[in-house]
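# Structural overview for review
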Amino acid sequence: MQVITIEDSAFKNMVGMFETILNTVNTLAAENKQLKSDRLMGIVELMDYTGFGRSWLMQHKEEIGYMQICSSPVKFRKHNVDAFFNKYSIQRKVK
(Lines give C-alpha, C1' and ligand atoms only; values in the text may rest on other atoms or scores of the structure.)
Protein backbone atom coordinates (compact mmCIF):
# COMPACT_ATOMS: atom_id res chain seq x y z
CA MET A 1 0.00 0.00 0.00
CA GLN A 2 1.35 3.35 -1.01
CA VAL A 3 0.98 6.41 1.22
CA ILE A 4 0.46 9.76 -0.45
CA THR A 5 1.49 12.84 1.43
CA ILE A 6 -0.21 16.16 0.73
CA GLU A 7 0.93 19.47 2.05
CA ASP A 8 -1.41 21.05 4.57
CA SER A 9 -2.13 24.10 2.36
CA ALA A 10 -2.85 21.92 -0.69
CA PHE A 11 -5.22 19.78 1.36
CA LYS A 12 -7.06 22.87 2.62
CA ASN A 13 -7.36 24.17 -0.96
CA MET A 14 -8.76 20.84 -2.12
CA VAL A 15 -11.31 20.78 0.72
CA GLY A 16 -12.28 24.37 -0.12
CA MET A 17 -12.84 23.42 -3.76
CA PHE A 18 -15.06 20.49 -2.72
CA GLU A 19 -17.07 22.77 -0.45
CA THR A 20 -17.52 25.25 -3.31
CA ILE A 21 -18.68 22.48 -5.65
CA LEU A 22 -21.07 21.13 -3.02
CA ASN A 23 -22.56 24.59 -2.40
CA THR A 24 -22.99 25.15 -6.14
CA VAL A 25 -24.72 21.78 -6.59
CA ASN A 26 -27.03 22.44 -3.64
CA THR A 27 -27.92 25.90 -4.98
CA LEU A 28 -28.66 24.53 -8.45
CA ALA A 29 -30.76 21.70 -7.00
CA ALA A 30 -32.81 24.16 -4.95
CA GLU A 31 -33.35 26.41 -7.99
CA ASN A 32 -34.35 23.42 -10.11
CA LYS A 33 -36.84 22.27 -7.48
CA GLN A 34 -38.35 25.76 -7.39
CA LEU A 35 -38.66 25.84 -11.17
CA LYS A 36 -40.31 22.43 -11.26
CA SER A 37 -42.81 23.21 -8.55
CA ASP A 38 -46.26 23.75 -9.94
CA ARG A 39 -47.06 27.16 -8.55
CA LEU A 40 -50.62 28.22 -7.83
CA MET A 41 -51.60 31.79 -8.63
CA GLY A 42 -54.52 33.78 -7.34
CA ILE A 43 -56.47 36.09 -9.64
CA VAL A 44 -54.44 39.20 -8.73
CA GLU A 45 -51.14 37.40 -9.34
CA LEU A 46 -52.55 36.04 -12.61
CA MET A 47 -53.53 39.56 -13.65
CA ASP A 48 -49.96 40.71 -12.97
CA TYR A 49 -48.52 37.68 -14.79
CA THR A 50 -50.67 38.00 -17.92
CA GLY A 51 -51.59 41.68 -18.08
CA PHE A 52 -55.25 40.79 -18.60
CA GLY A 53 -58.05 42.08 -16.40
CA ARG A 54 -60.07 40.25 -13.79
CA SER A 55 -63.26 40.04 -15.85
CA TRP A 56 -61.51 38.58 -18.94
CA LEU A 57 -59.66 36.01 -16.84
CA MET A 58 -62.79 35.00 -14.93
CA GLN A 59 -64.71 34.66 -18.22
CA HIS A 60 -62.04 32.23 -19.47
CA LYS A 61 -61.29 30.44 -16.20
CA GLU A 62 -62.89 27.22 -17.45
CA GLU A 63 -60.65 27.11 -20.54
CA ILE A 64 -57.56 28.18 -18.60
CA GLY A 65 -58.18 25.58 -15.93
CA TYR A 66 -58.76 26.66 -12.36
CA MET A 67 -59.10 25.18 -8.90
CA GLN A 68 -61.54 26.13 -6.20
CA ILE A 69 -61.96 24.08 -3.06
CA CYS A 70 -65.15 24.84 -1.17
CA SER A 71 -65.35 28.60 -0.75
CA SER A 72 -61.66 29.29 -1.26
CA PRO A 73 -60.57 31.86 -3.84
CA VAL A 74 -60.04 30.72 -7.41
CA LYS A 75 -56.49 29.47 -8.05
CA PHE A 76 -54.73 28.77 -11.33
CA ARG A 77 -51.79 26.47 -11.99
CA LYS A 78 -48.99 28.27 -13.81
CA HIS A 79 -48.47 25.45 -16.30
CA ASN A 80 -52.21 25.48 -17.18
CA VAL A 81 -52.06 29.23 -17.78
CA ASP A 82 -48.99 28.90 -20.00
CA ALA A 83 -50.57 25.99 -21.90
CA PHE A 84 -53.76 27.99 -22.52
CA PHE A 85 -51.86 31.02 -23.83
CA ASN A 86 -49.69 28.80 -26.04
CA LYS A 87 -52.64 26.77 -27.37
CA TYR A 88 -54.52 29.83 -28.57
CA SER A 89 -51.38 31.84 -29.45
CA ILE A 90 -52.38 34.60 -27.05
CA GLN A 91 -49.57 36.94 -26.17
CA ARG A 92 -49.24 37.94 -22.56
CA LYS A 93 -49.44 41.72 -22.23
CA VAL A 94 -46.66 41.66 -19.63
CA LYS A 95 -43.23 40.28 -20.48
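Residues numbered from 1 in each chain as written. Predicted model: local features only at pLDDT ≥ 70, side-chain atom pairs only at ≥ 80, totals over all residues. Heavy atoms only, no water.

Across its full length, the protein carries 5 helices and 3 strands. The secondary structure elements of the protein, listed N-terminal to C-terminal, are α-β-α-α-α-β-β-α. The C-alpha atoms of the protein give a radius of gyration of 24 Å, which is well past the 12 Å a tight globule of 95 residues would have. Its C-alpha atoms give the protein principal-axis dimensions of roughly 75 × 30 × 25 Å. Residue burial in the protein is summarised as follows: out of 95 residues, 18% are buried. Of the roughly 7600 Å² of accessible surface on the protein, 58% is carried by carbon and sulfur atoms. When the 13 basic and 10 acidic side-chain charges of the protein are each reduced to a single mean position, those positions are 11 Å apart. (Helix = DSSP H or I, 4+ residues; strand = E, 2+ residues; numbered from the N terminus. Rg over C-alpha atoms; globule rule 2.2 N^0.38 Å. Buried < 20%, exposed > 50% of the residue type's maximum accessible area, 1.4 Å probe, protein only. Areas by Shrake-Rupley, 256 points an atom, 1.4 Å probe, with all protein chains shown as cover. Lys, Arg positive; Asp, Glu negative; His and termini not counted. Charge placed at Lys NZ, Arg CZ, Asp CG, Glu CD.)

Relative to the helices and strands, Lys-61 resides in helix α4 (residues 61-64). One buried charged residue, Lys-61, remains without a salt bridge, the closest side chain of opposite sign being Glu-62 at 5.5 Å. If we ignore the near neighbours within four places in the chain, the residues touching Lys-61 are Tyr-66 and Phe-76. (Salt bridge = Lys/Arg side-chain N within 4 Å of Asp/Glu carboxyl O. Contact = heavy atoms within 4.5 Å.)

Moving on, we get to the packing of aromatic side chains. Here the structure, examined in full by the defined rule, presents 6 aromatic pairs. Consider the rings of Phe-52 and Phe-85, whose centres lie 5.7 Å apart with planes at 55°: the pair is tilted. Of the two residues, Phe-52 is situated in the loop between α2 (43-50) and α3 (54-59) and Phe-85 in helix α5 (residues 78-87); the sequence distance between them amounts to 33 residues. Judged by its relative accessible area of 12%, Phe-52 falls in the buried class. Here the aromatic cluster, defined as three or more aromatic residues joined through ring pairs, consists of Phe-52, Trp-56, Phe-84, Phe-85 and Tyr-88. Residue placement shows Lys-61 over the ring face of Tyr-66; its charged tip is 4.9 Å from the ring centre. (Phe/Tyr/Trp six-rings, centres within 6.5 Å; stacked < 30°, edge-to-face > 60°. Lys NZ or Arg CZ within 6 Å of the ring centre and 35° of its normal.)

Below, the discussion takes up unusual backbone geometry. With a phi angle near 55°, Cys-70 is a residue other than glycine that sits in the positive phi range. As for its position among the elements, Cys-70 is in the loop between β2 (66-67) and β3 (75-77). Backbone geometry places Ser-89, a non-glycine residue, at a positive phi of 50°. On the secondary structure map, Ser-89 appears in the segment after α5.

None of this, on its own, says anything about what the molecule does.
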